[in-house]
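Spelled out, the chains give:
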Amino acid sequence: MLFNAASRKIMGLLFFAIFLQGTLPSSAQYLAPSGSGTIFQQLQKLNVLGSVLYIAAHPDDENNSLLPYLAKEKKYRTAYLSLTRGDGGQNLIGPEQGIDLGLIRTQELLAARQIDGSEQYFTRAYEFGFSKTSNETLSFWDRKKVLGDMVWVIRKFQPDIIVNRFPPDARAGHGHHAASAILSMEAFKAAADPLQFPEQLSKGVTVWQAKRLLWNTFNFGGANTTSDSQLKIDAGIFNPFLGQSYGEVGGEARSMHKSQGEGRPRRKGPVNEFFVTIAGDSAKTNLMDGIITDWSRLHPAGKSIEANIQAIIRSFNFEQPALSVHQLTELYQQVNALTITGVWKEQKLKEISQLIVDCAGLVIEATTDLPYAIPGEKLGVQFLVNKRSDLPISLTAIQLNDPANRRFDTSISYALRNNVNFTASHMLQIPFDQTLSQPYWLAAPMKDMGTFQIADDALIGNANSPAALSAQFTLTIHNLTLTITKPVQYKYVDLVAGEMHQPLTVIPRLMVSLDKSVLLSQVKTSNLLPPSVTLQIKSNVTTEAMPMTIVLKQGNQRIYSKDTIMALTVGNAYPMTIQLDAYLKRNRHEPLSAEVHIKWNGANHTYDQMLKTIQYNHIPSINYLYKDQASIIHEPIQSLPKRIGYIVGAGDKVPEALMQLGHTVEFLQESDIVSSKLAAFDAIIVGIRAYNIHEWLTNKNDIINRYIEQGGHLIVQYLKGNTVGNKRVKVGPYDFSMSNTRVTEENAPVQFLLPTHPILNYPNKISQKDFDDWVQERSTYQMEPVKAPYEALLQMNDANDKPTTGSLITAPYGKGHFTYISLVLFRQLPAGVAGSYKLLANILSLSAKP
């Protein structure tokens, strides 16, 4: 244990308490301390005891102008409950899909909440893809569990009012939206019924009846559900402390949904919001009609508390906020002395505590200079406390609980000095059996594609898991003992971004990965070797030579095993390529996985996980562990190797599939779109939504058309909309316009309109079997209607919808071809759907070039 010179003389009695909990941290990147304007508004909020819970289905469904109005203007405790994390949507900024995309959108919602001042909650529902009806949605979700999660959040948050974004019918736009309203109406009643989910009542919550349930009607998506007869509120009010209206704040918050391309203007002027009461007492003049929202709702002493808060507000000195600390400590003690139950006492003590820290100018940090904690290894933790005021404040303890239950009992009595750093450090030994970090909703595999499995009920509703490692700082301020908990974060300096704070993650000593997510065991082409896989061991520790066993499994069956001895160096990777012809079980279709077995610290350990890191500038780094597996396709696939130019769009994994089929892939940039360069390629594939992202594709459409005319094949994956910025896109040599028509049922029947067309016959014969086992959906954003000279190859439709033909179209032009694919091959290829590989091989074989 090491301390600096200022603290070394008081190290005799230091009591450390660290809490290691093995989960994804809830803290984001560095948050600057609050200034006087923010502090003053938080002081005003102390006197408001009203709360609102807003409910909808997805990230970006929330009303981003209304939330800051409720939280910052009305000063209500405000939260958004999103039933899903947006896992099944489309990604405008990268290749992430499924749970990866849900992790991104979780953090985007939290970034939006930091702007609008609201809280964020979730249920365990998985967004399995676009759904046209609430019946379909509720057949995928575990209805009882999702409803139970909503009831849990309501009982825990105890909102005065609940507001739905959508109605429970077709006006909602699609199935997820309508289902969120249906379940909200049920949860409104169930939360107040002790016979509904009674097991929750022994876990720290009680029944709760919100005063009313409202629908925030809307005018968008071609539907105007507002009316002058409805309750009307102007949410576009200007806030002089922010220097913005709530329409402007809402535009900034909504623009955090970057993976959805939801950048929005900062709206100025009136922003009228409309409401209809759908359950409970009707709201006639304002949302909180008939609800007491001051301190008198809690206790007869509430009026005295309210008067004391008003006195603090009146005497607040913007230039010296520290002058309010003494009054705030007395207020804390007054509120703490109340003998009441419910959420408001705890909530207001939390708010007062933060105000004391902010007014005192306290900066408190627990950091490490390593991004990861490794079981069995040491981790240095640094502590910093800085007080930017003249207040008499003493640091009396930094509590650190060693995860192996070794404790250090001493005491501190250190008087913090104005703007002088107190620093200390501790070298922590992480135990071998330390739980690894993982988002709590990913800790157990999903049993189906509708609902996450959550083992710890206490975590239900939370946006993130608790911090992997946290420290408590105990301070004495004006006879008040205050304990501040801080997550331990990875702190570093980026040469471009400056000082950065990122989550600390506990990862395994060894990580194991495969170089393929899909393995084609029988590709028939001239330039492919027999199937193989490269297994890679990534070491997070340094060891002497040690015996270990490397294993490949197909499903649960071990098909390959090798005993070896290896010396490991931290940070190094150790690849091993294994030829699979002799080992694959061709009558089995389970995925391929890898394990490493090794003995450490006298115990056997198995390692079968890899770390996945997702990084974007607008959100904290995301780390999670996954078991790397390769889907195996045994079906013979014919492929004619081509030279492919690929233009990346929003991000997809199609290039990996192309290489699996034996094609040579070169990525093209704007500067490459010249005739002499394009002439070298048999086909050019445009990634998903690329035309909506790159205006240069429209500007260079004539060059691309000349490439087609001279014998090239342009293959365009789906667009979302017919514009790029404010300009209409130009795609291909003929009139082109896509629609919002989608086929969202992954098992929708498919009819072959041109059964003799080469794409359906060469080099692979396409049959109905090739549309089996598709995931999430069939197609998205089709060309409708299809007109000559385009040829439509397939017809499909969801149940009760009209047949559509725009999912796969092609047309000759000069010596070449243009093809538009709204079939979601970008989902099927990484999912290991054999038919998608055969279709892709056939589409590429249409090229006229030899």
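Everything discussed here concerns the structure shown above.
If you're wondering where the values come from, they're calculated on a predicted model, not measured in any experiment.

## Digging into the sheet that holds strand β6 (residues 161-164)
Note: strands within a sheet are paired through backbone hydrogen bonds, in either parallel or antiparallel orientation.
Now for step 1: Taken in spatial order, the seven strands line up as β5-β4-β3-β6-β7-β13-β10 in an open sheet, and their pairing is mixed. Because the sheet does not close on itself, it has two edges, and the strands there are β5 (119-122) and β10 (231-234). Adjacent strand axes in the sheet meet at a mean angle of 30 degrees, parallel and antiparallel pairs treated alike.
Now for step 2: Looking at chain direction, strand β3 (residues 51-56) and strand β4 (residues 77-82) are connected through six bridges and run parallel. Each bridged residue has a counterpart across the sheet, and for S51 the counterpart in β4 is R77.
Now for step 3: Here helix α7 (residues 175-190) sits on the sheet and contacts β3, β6, β7 (212-217) and β13 (272-280); the angle it forms with β6, its principal contact strand, is near 165 degrees.

## Comments concerning the packing of helix α3 (residues 66-73) against helix α8 (residues 246-254)
Now for step 1: Across the interface, α3 lies against α8 with an axial gap of 8 Å and an inter-helix angle of 120 degrees. Taken as axis vectors, α3 and α8 run oblique relative to one another. α3 and α8 meet at a crossing whose hand is right-handed. Judged by residue contacts, P68, Y69, K72 and E73 of α3 engage Y246, V249 and G250 from α8.
Now for step 2: Classifying every residue of the contact of α3 with α8 by side-chain character gives four nonpolar, one polar and two charged.

## Some remarks on α8
Now for step 1: Among the nine residues in α8, eight count as buried, and that is most of the element.
Now for step 2: Within α8 the residues assigned to the buried category are Y246, G247, E248, V249, G250, G251, A253 and R254.

## Overview of the packing of helix α4 (residues 99-116) against α8
Now for step 1: Where α4 meets α8, the axes come as close as 8 Å, and the angle between the chain directions of the two elements is 160 degrees. By the criterion of interaxial angle, the relationship of α4 to α8 is roughly antiparallel. α8 is crossed by α4, and the crossing has right-handed handedness. Residue-level contacts link A112, I115 and D116 of α4 to V249, E252 and A253 of α8.
Now for step 2: Residues of the contact of α4 with α8, tallied by class, amount to four nonpolar, no polar and two charged.

## Observations regarding the environment of T804
Now for step 1: Inspection of the secondary structure assignment puts T804 in the loop between β45 (794-796) and β46 (808-813).
Now for step 2: The sequence separation of T804 and P785 amounts to 19 residues, and the corresponding C-alpha distance is 8.2 Å.
Now for step 3: Excluding residues that lie within four positions of it along the chain, T804 makes contacts with T741, V743, Q782, E784, L794, Q795, M796 and N797.
Now for step 4: A polar contact is formed between the side chain of T804 and the side chain of Q782, at a distance of 3.0 Å.
Now for step 5: Here M796 takes part through its backbone oxygen, which lies 2.8 Å from a polar atom of the side chain of T804.

## A short note on unusual backbone geometry
Now for step 1: Here the residue pair Y762 and P763 is connected by a cis peptide bond, since its omega of -5 degrees sits within 30 degrees of zero.
Now for step 2: Note on placement: P763 falls in the loop between β43 (750-752) and β44 (791-792).
Now for step 3: Geometrically, the link from A788 to P789 is a cis peptide bond, its omega value of 10 degrees lying close to zero.
Now for step 4: Its place among the elements puts P789 in the loop between β43 and β44.
Now for step 5: Despite not being glycine, K75 has its phi angle at roughly 65 degrees, a positive value.

## So, the pairing of strand β32 (residues 603-607)
Now for step 1: Across five bridges, the pairing between strand β31 (residues 592-600) and β32 is antiparallel. Residue pairing in the sheet places I598 in a bridge with H605 of β32.
Now for step 2: Joining the antiparallel neighbours β31 and β32 is a turn of two residues, in which N601 adopts a positive phi near 55 degrees.

## Some points on the nonpolar core
Now for step 1: Counting 77 residues, the largest nonpolar core has Y691, L794 and Y820 as its most contacted members.
Now for step 2: Broken down by element, the residue count for this core peaks at seven residues, all from helix α18 (residues 834-845).
Now for step 3: Discounting residues that sit within four places of it in the chain, Y691 has contacts with V686, L697, T698, I704, L714, V716, L719, V724, V729, K730 and V731.
Now for step 4: Core analysis: the second largest hydrophobic core is formed by 61 residues, L46, L298, I352 and I412 among them.

## Quick look at the pattern of salt bridges
Now for step 1: In this structure the tally under the stated criterion is 32 salt bridges.
Now for step 2: Linking D281 and K211 is a salt bridge whose minimum nitrogen-to-oxygen distance equals 2.9 Å. Of the two residues, D281 sits in the loop between β13 and α9 (302-315) while K211 sits in the loop between α7 and β7, which places them 70 residues apart along the sequence.
Now for step 3: With relative accessibility at 41%, the residue D281 sits in the partly exposed group.
Now for step 4: The exposure class of K211 is partly exposed, given its relative accessible area of 30%.
Now for step 5: Here E635 makes a salt bridge to K838, at a shortest N to O gap of 2.8 Å. One end of the pair, E635, is in the loop between β35 (629-633) and β36 (637-638); the other, K838, is in helix α18, and 203 residues separate them in sequence.
Now for step 6: Of the residues examined, K838 reaches a relative accessible area of 6% and is grouped as buried.
Now for step 7: One continuous salt-bridge network, built from bridges that share partners, spans E635, K769, D770 and K838.

## Here's the deal with the sheet that holds strand β40 (residues 713-717)
Now for step 1: In spatial order, the strands read β38-β37-β39-β40-β47-β46-β44; together these seven strands make up an open sheet with mixed pairing. Because the sheet does not close on itself, it has two edges, and the strands there are β38 (664-667) and β44.
Now for step 2: Sheet topology places strand β37 (residues 643-647) next to strand β39 (residues 683-686); four bridges connect them, and they run parallel. Bridging across to β39, I644 finds its partner in A683.
Now for step 3: Taken strand by strand, α18 contacts β37, β39, β40, β46 and β47 (816-821), and its axis lies near 145 degrees from that of β40.

## A word on the side chain of Q90
Now for step 1: In this structure, Q90 sits in the loop between β4 and α4.
Now for step 2: A distance of 3.4 Å separates a polar atom in the side chain of Q90 from a polar atom in the side chain of R689.
Now for step 3: When residues no more than four places from it in sequence are discounted, the contact partners of Q90 are L101, R105, S259, R689, Y718, K720, R742, T780, Y781 and R827.

## Quick word on the packing of aromatic side chains
Given two aromatic rings, their pairing is described by the distance between the two centres and the angle made by the two planes.
Now for step 1: As enumerated under the stated definition, the model contains 30 aromatic pairs in all.
Now for step 2: With a centroid separation of 5.0 Å and an interplanar angle of 80 degrees, the aromatic rings of F316 and F318 are classed as edge-to-face.
Now for step 3: Residue F318 is classed as partly exposed on the basis of its relative accessible area, which comes to 40%.
Now for step 4: Seen in terms of ring centroids, Y440 and W441 are 5.1 Å apart; in terms of plane orientation they differ by 85 degrees. Their pairing is edge-to-face. Both residues of the pair, Y440 and W441, count as buried.
Now for step 5: These aromatic residues form a ring-pair network of at least three members: Y734, F736, Y790, Y813, F818 and Y820.

About the cut-offs
Residues numbered from 1 in each chain as written. Predicted model: local features only at pLDDT ≥ 70, side-chain atom pairs only at ≥ 80, totals over all residues. Heavy atoms only, no water. Pairing = 2+ DSSP bridges. Helix = DSSP H or I, 4+ residues; strand = E, 2+ residues; numbered from the N terminus. Axes fitted to C-alpha atoms, helices over the stretch in contact; angles between N-to-C directions. Contact = heavy atoms within 4.5 Å. Parallel < 35°, antiparallel > 145°, perpendicular 65-115°, else oblique. Left-handed = near helix turned anticlockwise from the far one by under 90°. Nonpolar A, V, L, I, M, F, W, Y, C, P; charged D, E, K, R; others polar. Buried < 20%, exposed > 50% of the residue type's maximum accessible area, 1.4 Å probe, protein only. Polar contact = N/O pair within 3.5 Å; in protein donor to acceptor, adjacent residues only side chain to side chain. Core = buried A, V, L, I, M, F, W, Y, C linked by side-chain atoms within 4.5 Å. Salt bridge = Lys/Arg side-chain N within 4 Å of Asp/Glu carboxyl O. Phe/Tyr/Trp six-rings, centres within 6.5 Å; stacked < 30°, edge-to-face > 60°.

Without other data, these values stay purely geometric and don't point to any function.
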